[in-house]
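Report on the structure
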Amino acid sequence: MYFDFEGAWSRVLGLSGTQTYPKPLPSAPPDLRPRRRPSVEEVAGLTTVPFLAPDTSSAGVRAARRLSRSTRYRRRLEPYIARRYFLDPTALPGYLQWTLGSVVFVHGRLRDGSSPESPFLFLVTECGVRPFLYVTDGRDVLLAALSPAPPGPGSRASEPKPPVTDGLRRFLEGIEVFREGVSGLTALTNHRYDRLFQLDG
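Residues numbered from 1 in each chain as written. Predicted model: local features only at pLDDT ≥ 70, side-chain atom pairs only at ≥ 80, totals over all residues. Heavy atoms only, no water.

So, on to the pairing of strand β2 (residues 133-136). As paired strands, β2 and strand β3 (residues 140-148) are joined by four bridges and run antiparallel to one another. Opposite Leu-133, over in β3, you have Ala-144 as the bridge partner. Between β2 and β3, which pair antiparallel one after the other, the connecting turn spans three residues, and Gly-138 there sits at a positive phi close to 90°. (Pairing = 2+ DSSP bridges. Helix = DSSP H or I, 4+ residues; strand = E, 2+ residues; numbered from the N terminus.)

Below is the structure:
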């Protein structure tokens, strides 16, 4: 799962569930029907769009407009391209009594007998934690989640949850936790997927 914030937002809003969370990458179901693949130039053009001026006329901008307007075009690209929105934590406003305090990263190795999905299911079902990043190679797990700021005076106490790290020890060993406060976060390099493409001419 890669930068899927729907679970986090639904929890902040107090919704009972989600529509597509967790969304894997790639998220399109396998389709055995033959499809015309997008060209490398087409995909490369789409990856440059976030870094172009809005009035720029380029193949990537034209493809992005078509992507937003044409369901058929989106379906053709789905197996090869997935849209993700990247959070700027320092610009995120609070909502009612909820304010983002930090981003928490957790890394650990799966214990023998633990499935790659076990830590994720524990977090979601028992702790109410909905990671926006969850990556595993079947041996190691890396996850990241949003952590609210401590409640202010006069706030209602939330229902106690089991200690997250203690619970994760049932599935992971060698756990490392890194907590980064929002005020200390800086984007050193944005997600520059356009740099994956080296096109001549």
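This next bit is on the pattern of salt bridges. One side chain can pair with another of opposite charge once the charged atoms of both are near each other. Enumeration according to the criterion identifies five salt bridges in this entry. Asp-140 is the partner of Arg-139 in a salt bridge, and the nearest nitrogen-oxygen pair spans 3.0 Å. According to the relative accessible area criterion, Arg-139 is exposed, its value standing at 55%. With relative accessibility at 17%, the residue Asp-140 sits in the buried group. Here Asp-166 and Arg-169 are joined by a salt bridge, their closest N and O atoms 2.7 Å apart. (Salt bridge = Lys/Arg side-chain N within 4 Å of Asp/Glu carboxyl O. Buried < 20%, exposed > 50% of the residue type's maximum accessible area, 1.4 Å probe, protein only.)

Secondary-structure assignment places Leu-168 in helix α6 (residues 164-168). Sequence-wise, Leu-168 and Ser-118 are 50 residues apart; in three dimensions their C-alpha atoms are separated by 9.1 Å. The contacts of Leu-168, once residues within four sequence positions are left out, are Val-106, Pro-119, Phe-122, Leu-123 and Ile-175. (Contact = heavy atoms within 4.5 Å.)

Another point: helix α5 (residues 118-127). Three or more residues of α5 are buried, namely Ser-118, Pro-119, Phe-120, Phe-122, Leu-123 and Cys-127. Buried positions along α5 lie against α1 (6-13), β1 (100-110), β2, β3, α6 and β4 (172-181).

Looking now at the packing of aromatic side chains. Geometrically, a pair of aromatic rings is defined through the distance of the ring centres and the angle of the planes. This structure, assessed with the given rule, holds eight aromatic pairs. With 5.6 Å between their ring centres and 55° between their planes, Phe-3 and Phe-132 make a pair best called tilted. Of this pair, Phe-3 sits in the segment before α1 while Phe-132 sits in the loop between α5 and β2, and the two are 129 residues apart along the sequence. With respect to burial, Phe-3 and Phe-132 carry one shared label: buried. Their ring planes at 15° and their centres at 5.6 Å tell us that Phe-5 and Trp-9 sit as a pair that is stacked. Here Phe-5 falls in the buried class, since its relative accessible area comes to 8%. (Phe/Tyr/Trp six-rings, centres within 6.5 Å; stacked < 30°, edge-to-face > 60°.)

A large share of β3 lies buried, amounting to seven of its nine residues. Pairing analysis gives nine bridges linking β1 to β3, with the strands arranged antiparallel. Each residue of the ladder has a partner; that of Ser-102, found in β3, is Ser-147.

Turning next to the sheet that holds β3. Read across the sheet, four strands follow the order β2-β3-β1-β4 without closing on themselves; strand pairing throughout is antiparallel. Pairing within the sheet leaves two strands with one partner each, and these edge strands are β2 and β4. Between one strand axis and the next, the sheet turns through 15° on average, direction left out of account. (Axes fitted to C-alpha atoms, helices over the stretch in contact; angles between N-to-C directions.)

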